[in-house]
Amino acid sequence: MQFLTGAVTTRVYAEAIAGRNHEVVDEDSVFITLRFADGSNGSIAYLAEGDTALEKERVEIFGNGKTFVLEDFNAATLHGGGRKKRLRLGGQDKGQADEVREICRTVLQGGPAPISLKDLAASARATFAVKESLRTGQPVEV
């Protein structure tokens, strides 16, 4: 979300779902609300109790009267102006192979890191804030 908004996280609130299944750790099912420096908000539902046949990842982006839905990095739908356009993405691509290639290229050829240290640190601070919010049950300023 930090990448999509181009803004750092300023506030985090996280809450674990207390499950009845002793095999599922409560922190494996979490709702997270994020506030960003540009005024954007985001939410993450990280859930472990669902059926394994369901796609594991779904991204929904809302803004300017439009909605973009990415399903398991396989297909996407753009909703806007009362219309719906389905996009096939040509297979699942989470970007890991490109990420490894880019890091190797940077190490071998030099140049700036693909993700700045500043952005990595901001993401890490937000992750630690999630853990703190789960521990205290309170929102955490980042």
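Residues numbered from 1 in each chain as written. Predicted model: local features only at pLDDT ≥ 70, side-chain atom pairs only at ≥ 80, totals over all residues. Heavy atoms only, no water.

Description of the overall build of the chain
Helices and strands together make up the secondary structure of the chain, namely three helices and eight strands. Written out in order from the N terminus, the α and β elements of the chain read α-β-β-β-β-β-β-β-α-α-β. Among the 142 residues that make up the chain, the fraction classed as buried is 20%. Contacts spanning at least 24 positions in sequence make up 34% of the contacts within the chain whose residues lie at least 6 apart. Entry remark: accessible area of the chain is about 10700 Å², with carbon and sulfur atoms responsible for 54%. Taken together, the 18 basic and 20 acidic charged side chains of the chain have centroids lying 7 Å from each other. (Helix = DSSP H or I, 4+ residues; strand = E, 2+ residues; numbered from the N terminus. Buried < 20%, exposed > 50% of the residue type's maximum accessible area, 1.4 Å probe, protein only. Contact = heavy atoms within 4.5 Å. Areas by Shrake-Rupley, 256 points an atom, 1.4 Å probe, with all protein chains shown as cover. Lys, Arg positive; Asp, Glu negative; His and termini not counted. Charge placed at Lys NZ, Arg CZ, Asp CG, Glu CD.)

Structural notes on the sheet that holds strand β8 (residues 140-141)
Taken in spatial order, the four strands make up an open sheet running β3-β2-β1-β8, and their pairing is antiparallel. Taken across any chain shown, the strands that pair with only one partner, and hence form the sheet edges, are β3 (41-46) and β8. Relative to β8, strand β1 (residues 9-16) is paired through two bridges, and the arrangement is antiparallel. What sits directly across from Arg-11, in β8, is Glu-141. Sitting on the sheet, helix α3 (residues 117-136) is in contact with β1, β2 (30-36) and β8, with an inclination near 40 degrees to β1. (Pairing = 2+ DSSP bridges. Axes fitted to C-alpha atoms, helices over the stretch in contact; angles between N-to-C directions.)

Re the sheet that holds strand β5 (residues 66-71)
Strand order in the open sheet formed by four strands is β4-β5-β6-β7, with antiparallel pairing between adjacent strands. A single partner strand is all that each edge strand has here, and the edge strands are β4 (58-63) and β7 (83-88). Ignoring which end each strand starts from, the neighbouring axes of this sheet average 15 degrees apart. When strand β6 (residues 75-80) meets β7, the two strands line up antiparallel, connected through six bridges. Bridged to Ala-76 within β7 is Leu-87.

Considering the confidence of the model for the chain
Overall, the prediction assigns the chain a mean pLDDT of 89, with 94% of residues at 70 or greater. Between the elements of the chain, mean pLDDT differs from a low of 89, seen in helix α1 (residues 2-5), to a high of 98, seen in β8. (pLDDT = per-residue confidence, 0-100.)

Looking at the nonpolar core
Counting eleven residues, the largest nonpolar core consists of Ala-7, Val-12, Ala-14, Val-30, Ile-32, Leu-34, Phe-36, Ala-129, Val-130, Leu-134 and Val-140. Sorting the residues of this core by element identifies β1, β2 and α3 as the ones contributing at least two each. In contact with Val-140, other than residues within four places in its own chain, are Thr-10, Arg-11, Val-12, Ala-129, Glu-132 and Ser-133. (Core = buried A, V, L, I, M, F, W, Y, C linked by side-chain atoms within 4.5 Å.)

As for the side chain of Ser-133
With respect to the helices and strands, Ser-133 occurs in helix α3. Looking at Ser-133, its side chain comes within polar contact range of the main-chain oxygen of Gln-138, at 2.7 Å. Each residue touching Ser-133, except ones within four places of it in the same chain, is listed here: Val-12, Tyr-13, Ala-14, Gln-138, Pro-139 and Val-140. (Polar contact = N/O pair within 3.5 Å; in protein donor to acceptor, adjacent residues only side chain to side chain.)

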